[in-house]
Amino acid sequence: MAVRDGVLILRSDEVSRREPLAAVQVDDPLGATPRILRFTDGATCEVAGTGALRWLAGVAPGRPSASAWLEARAWRQVAAVILLSSALVGAYVVLTPWLAAVVAARLPRAVASSIGQRTLVSLDALVFQPSTLPPARQAGILRAFWNVRWPDDGDRFDLVLTFRHSDRLGANAFALPDGTIVITDALVDLARSDAELLGVLAHEVGHVDGRHGLRGLLQQSVVAMVVTWSLGDVSAVMASVPMMLLDARYSRAFEREADAYAVRVLRDNGIPPGAFADLLERLQAGRDRADAAAPPAYLSTHPATADRIEAIRGS
Amino acid sequence: MTTDVAAPAPRTEPFAFTGSGRDYFPIWLTNVVFSVATLGIYSAWAKARRLRYFYRHTRLAGAGFDYHGRPAALLKGRVVAVALFGLYSLAGYVSPWLTLASVAGLATVLPWLAARSFRFRCRNTSHRGVRFNFNGSMRSAYGGFLGLPALALVSLGLMVPFWHHRLKRYQHGHSAYGRSAFGFFGDADPFYAIYFSASLLTIGLGIALVVGLGLAGSLVTLALTGSANPTRVEPGSAAWVIVFSLAIVGYLAVITAVQAFLAARIGRHVWAHTTLGRTRFVWRIEAPRLFVIRLTNLLLTVVTLGLYRPFAQVRLARYLTEAFVVVGAGGLDAFEALPAGDVGAYGDEAMEFLDFDIGF
């Protein structure tokens, strides 16, 4: 195989061809992949092997392209990987939360109430039993809750406070995207004053007000999509680990936001935020007694309780 | 006096794979970088480049295979796939009925998409300038991808081997290389035998995993904390991390072993019963070797945060390819005498609007 005066000369035992080089179609190089010459009459000739490919690259270097440019030098690839990683971190830390907040603010209320109602129905079936608190106690808490002055953040969901008993979940409280707040009997019993309970309730209202439910769902969807897209064909089990870690970090951010919200509300209502911290402390002590070990910080959906207490007291 | 004319011994021709991880690495990296930077749009081009790389490095009798799929067609497939999947996942947020409707909708179009994709893959593959083809009917596609899976579900999995057999028969029985048709004459019985062994293997390995983890957990906690009760281990502690990692690796090993067993046994059986004219195939793929390659590939890919992936792909492709042998029935010219006509019969004009690869 040779080129003389712009004519490609092919000679072997079986074939002998002379073709003007300009009329031969050669595909672009792709690493050391064999390249194929296509002649005008439909015949093809495959060029394989390092030596032959190097020769062909001199004759037909291929169209310049971004991929060829990147593949040509190792430092360009290193630079591209660094750039890309920074972009991905930025997308995770800044872009996704921002986008989720924008979308969550624009989603129709019907979506939030549909999700909230369905969540409550399934929670009722799985983990909740009806509350056994005396009606007078419930009424007292409700009265205290309705007397709270909330910061005027405009378009707010209607808050509905309900009581449930749960053997499985113990002392806990939940906020659903539609403004439903569930508090368990055990948590009410654990509180020594209404002020302490209002701290927890304000924290949950912080979740509702910040639309953390919807934002969390959206952020998790983005994380799931990206992780599945990039790791799905490696292993589904392996993909679930980074997903868990990435989601947990988002969740901890929401918890800190809700804590800050609670502190603000308590302060606006003349309640010392320390009351909220006291209840958190007692919750943690209960967990320590039950010897239920906390997961490591990077896996946890909540910031460490000690850090939360310190943040609340220090604010 | 008579002369015994010995029939020419069947000539065997092994496949060869000439790609290398080192050579493929920059191509893969470029694919990843551009795909992410374009929010996935480039992935169609990436796929075409990847397939071109692997096909051309797959060589038989001195000639490579080639992939002709155009990125635009692949992109169309991706858009359809993303739209279908997006519709399905969004439906769940709105109403359970909508989910049901979207599942029904998916079930209706998926067989069609699957058959189309398979045909696309075949028609865009060539060897020595001769294209492969696929002419399975839509009716069998609906039977195979919709009817039988439904039956398999209803029968609590007892129909799965049967369905798998029908699927292979559909694919191998309706493919062609140029003008010569592939034939498939395998029974469903061996599929049942293989699946039965796979179930036993799963149960055996599962028990071994649980027992082994219990033992390892006790040993690790004993060594690190002095108490042999692994349930008392604090999450996040060194012992917990070790036991947790062992559990993940063990679980992956069991899954990979069962998958490798199924893939190797089914693959060998299917190709042993596939013909192309007078040509036969032998796939000398061994489950233990496949298991070792896939598990180490997986672990190395995770440990290197993905950077080993191109090497893993090449390593697997080399094993799968080089275990493949073509047995020609008649002497030396068997392969050169493979149908030469019909070059490009399914060329560009066949790439109609609705042809695309959804890439299952």
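The structure presented is a predicted model; accordingly, all values stated were derived computationally and were not measured.

What counts and how
Residues numbered from 1 in each chain as written. Chains lettered and ligands numbered in written order. Predicted model: local features only at pLDDT ≥ 70, side-chain atom pairs only at ≥ 80, totals over all residues. Helix = DSSP H or I, 4+ residues; strand = E, 2+ residues; numbered from the N terminus. Rg over C-alpha atoms; globule rule 2.2 N^0.38 Å. Buried ≥ 20, exposed ≤ 12 C-beta atoms within 10 Å, placed from the backbone. Contact = placed C-beta atoms within 7 Å. Pairing = 2+ DSSP bridges. pLDDT = per-residue confidence, 0-100. Expected span 1.5 Å × (residues − 1). Axes fitted to C-alpha atoms, helices over the stretch in contact; angles between N-to-C directions. Core = buried A, V, L, I, M, F, W, Y, C linked by C-beta atoms within 7 Å. Parallel < 35°, antiparallel > 145°, perpendicular 65-115°, else oblique. Nonpolar A, V, L, I, M, F, W, Y, C, P; charged D, E, K, R; others polar. Left-handed = near helix turned anticlockwise from the far one by under 90°.

## Section: the overall build of chain A
Along chain A, the regular secondary structure elements total 11 helices and 10 strands. Taken against the 2.2 N^0.38 rule, which gives 20 Å for 315 residues, the C-alpha radius of gyration of chain A at 32 Å runs more than 25% over that of a compact globule. Dimensions of chain A, computed from C-alpha atoms along their principal axes, come out at roughly 105 × 35 × 35 Å. Here chain A holds 315 residues, and 25% of them are scored as buried. The contacts in chain A between residues at least 6 apart in sequence include a share of 61% that link residues at least 24 apart.

## Description of the overall build of chain B
Helices and strands together make up the secondary structure of chain B, namely 10 helices and 10 strands. The buried share of chain B, reckoned over its 360 residues, is 31%. Sequence separation of at least 24 residues holds for 69% of the intrachain contacts in chain B that already meet a minimum separation of 6.

## Observations concerning the sheet that holds strand E5 (residues 35-38) of chain A
All names here are of chain A. Taken in spatial order, the three strands make up an open sheet running E4-E5-E6, and their pairing is antiparallel. The two strands at the open ends of the sheet, each matched to only one other strand, are strand E4 (25-26) and strand E6 (44-47). Looking at chain direction, E5 and E6 are connected through four bridges and run antiparallel. Along E6, the bridge assignment pairs Ile 36 with Glu 46.

## Description of the pairing of strand E3 (residues 16-20) of chain A
Residues and elements named next belong to chain A. Sparse coverage of E3 is indicated by the burial of zero of its five residues. With five bridges joining them, strand E2 (residues 7-11) and E3 adopt antiparallel strand pairing. Across the sheet, Leu 8 pairs through a bridge with Glu 19, a residue of E3.

## Examining the pairing of E5 of chain A
Regular strands show a simple pattern: their side chains alternate between the two faces of the sheet. Residues and elements named next belong to chain A. Of the two faces of E5, only one is covered, namely that formed by Arg 35 and Leu 37; the face formed by Ile 36 and Arg 38 stays uncovered. Direction of pairing for E4 relative to E5: antiparallel, over a ladder of two bridges. Paired with Val 26 across the strands is Leu 37, a residue of E5. Here E5 hands over to E6 after five residues, with Gly 42 in that stretch at a positive phi of 95°.

## Digging into the confidence of the model for chain A
In this model, chain A carries a mean pLDDT of 84, and residues with pLDDT of at least 70 account for 93%. No element of chain A has a lower mean pLDDT than strand E1 (residues 2-4) of chain A, which averages 76, and none a higher one than strand E10 (residues 180-184) of chain A, which averages 92.

## Here we look at helix H6 (residues 160-173) of chain B
All names here are of chain B. With 14 residues, H6 extends 19 Å from end C-alpha to end C-alpha; this agrees with the ideal 20 Å at 1.5 Å per step. Counted residue by residue, H6 has 10 buried out of 14 residues, so it is predominantly covered. What H6 keeps buried is the set Pro 161, Trp 163, His 164, His 165, Arg 166, Lys 168, Arg 169, Tyr 170, Gln 171 and His 172.

## A closer look at the sheet that holds E2 of chain A
Residues and elements named next belong to chain A. Spatially, three strands are ordered E1-E2-E3 in an open sheet, and the strand pairing comes out antiparallel. At either end of the open sheet lies a strand with only one pairing partner, and these are E1 and E3. Shown here is a sheet whose adjacent strand axes are inclined to one another by a mean of 25°, direction ignored.

## A word on the nonpolar core
In terms of nonpolar packing, the biggest core is built from 39 residues, with Ile 183, Leu 198, Leu 201, Ala 202, Ala 262, Leu 266 and Phe 276 of chain A touching the most fellow members. Leaving out residues up to four positions away in the same chain, Ala 262 of chain A has contacts with Gly 199, Ala 202, His 203, Gly 206 and Phe 276 of chain A. Listed in part, the 24 residues of the second largest apolar core include Phe 34, Phe 65, Leu 74 and Leu 75 of chain B.

## Points about the confidence of the model for chain B
Residue and element names in this part refer to chain B. In the predicted model, chain B carries a mean pLDDT of 81, and 83% of its residues have values of at least 70. When the elements of chain B are averaged for pLDDT, helix H5 (residues 138-154) gives the smallest value, 73, and helix H10 (residues 309-322) the largest, 94. Across residues 330-360, where pLDDT falls below 50, the model places 62 contacts with residues more than four positions away in sequence or in other chains. Reported for the predicted complex are a pTM of 0.79 and an ipTM of 0.72.

## Some words on unusual backbone geometry
Residues and elements named next belong to chain B. Non-glycine residue Ala 61 carries a positive phi angle of around 50°. Relative to the helices and strands, Ala 61 is located in the loop between strand E2 (58-60) and strand E3 (63-67). Under the C-beta neighbour-count criterion, Ala 61 is labelled partly exposed, with 17 such atoms within 10 Å. Its identity is not glycine, yet Leu 305 carries a phi of approximately 55°, on the positive side. With respect to the secondary-structure elements, Leu 305 resides in the loop between helix H9 (287-303) and H10. Judged by C-beta crowding, with 8 C-beta atoms within 10 Å, Leu 305 ranks as exposed.

## Focus: the packing of H9 of chain B against H10 of chain B
Residue and element names in this part refer to chain B. Put simply, H9 and H10 touch, their axes get as near as 9 Å, and they point 170° apart. Between H9 and H10, the crossing angle belongs to the class labelled roughly antiparallel. Across the interface between the two elements, Arg 289, Ile 293, Arg 294, Asn 297, Leu 300 and Thr 301 of H9 pack against Arg 309, Ala 312, Arg 315, Leu 316 and Tyr 319 of H10. Looking at the contact of H9 with H10 residue by residue, the classes come out as five nonpolar, two polar and four charged.

## Considerations on the environment of Ser 197 of chain B
Residue and element names in this part refer to chain B. Considering the arrangement of structural elements, one finds Ser 197 in helix H7 (residues 189-225). Residue classification places Ser 197 among the partly exposed positions, given that 13 C-beta atoms sit within 10 Å. Through-space distance from the C-alpha of Ser 197 to that of Leu 262 is 9.0 Å; in sequence the pair is 65 residues apart.

## Quick word on H9 of chain B
Residues and elements named next belong to chain B. The end-to-end C-alpha distance of H9 is 24 Å, a good match for the 24 Å that 17 residues give at a rise of 1.5 Å each. Buried residues along H9 sit in contact with helix H8 (238-272) and H10. Leu 305 sits one or two residues past H9 and shows a positive phi near 55°.

## Thoughts on the packing of helix H5 (residues 135-146) of chain A against helix H7 (residues 194-209) of chain A
Residue and element names in this part refer to chain A. Across the interface, H5 lies against H7 with an axial gap of 10 Å and an inter-helix angle of 65°. Considering how the two elements wind past one another, H5 and H7 form a crossing that is right-handed. Contact residues: H5 offers Ile 141, Ala 144 and Phe 145, while H7 offers Asp 194, Leu 197, Leu 198 and Leu 201. Among the residues forming the contact of H5 with H7, the class breakdown is six nonpolar, no polar and one charged.

## Considering the environment of His 57 of chain B
Tracing the chain through its elements places His 57 of chain B in the loop between helix H2 (43-56) and E2. When the 25 C-beta atoms within 10 Å are taken as the criterion, His 57 of chain B is described as buried. Along the primary structure His 57 of chain B and Ala 16 of chain B are separated by 41 residues, whereas in three dimensions their C-alpha atoms are 7.9 Å apart. Ignoring sequence-local partners within four residues, the contact set of His 57 of chain B consists of Thr 33 of chain A together with Phe 17, Thr 18, Gly 19 and Gly 64 of chain B.

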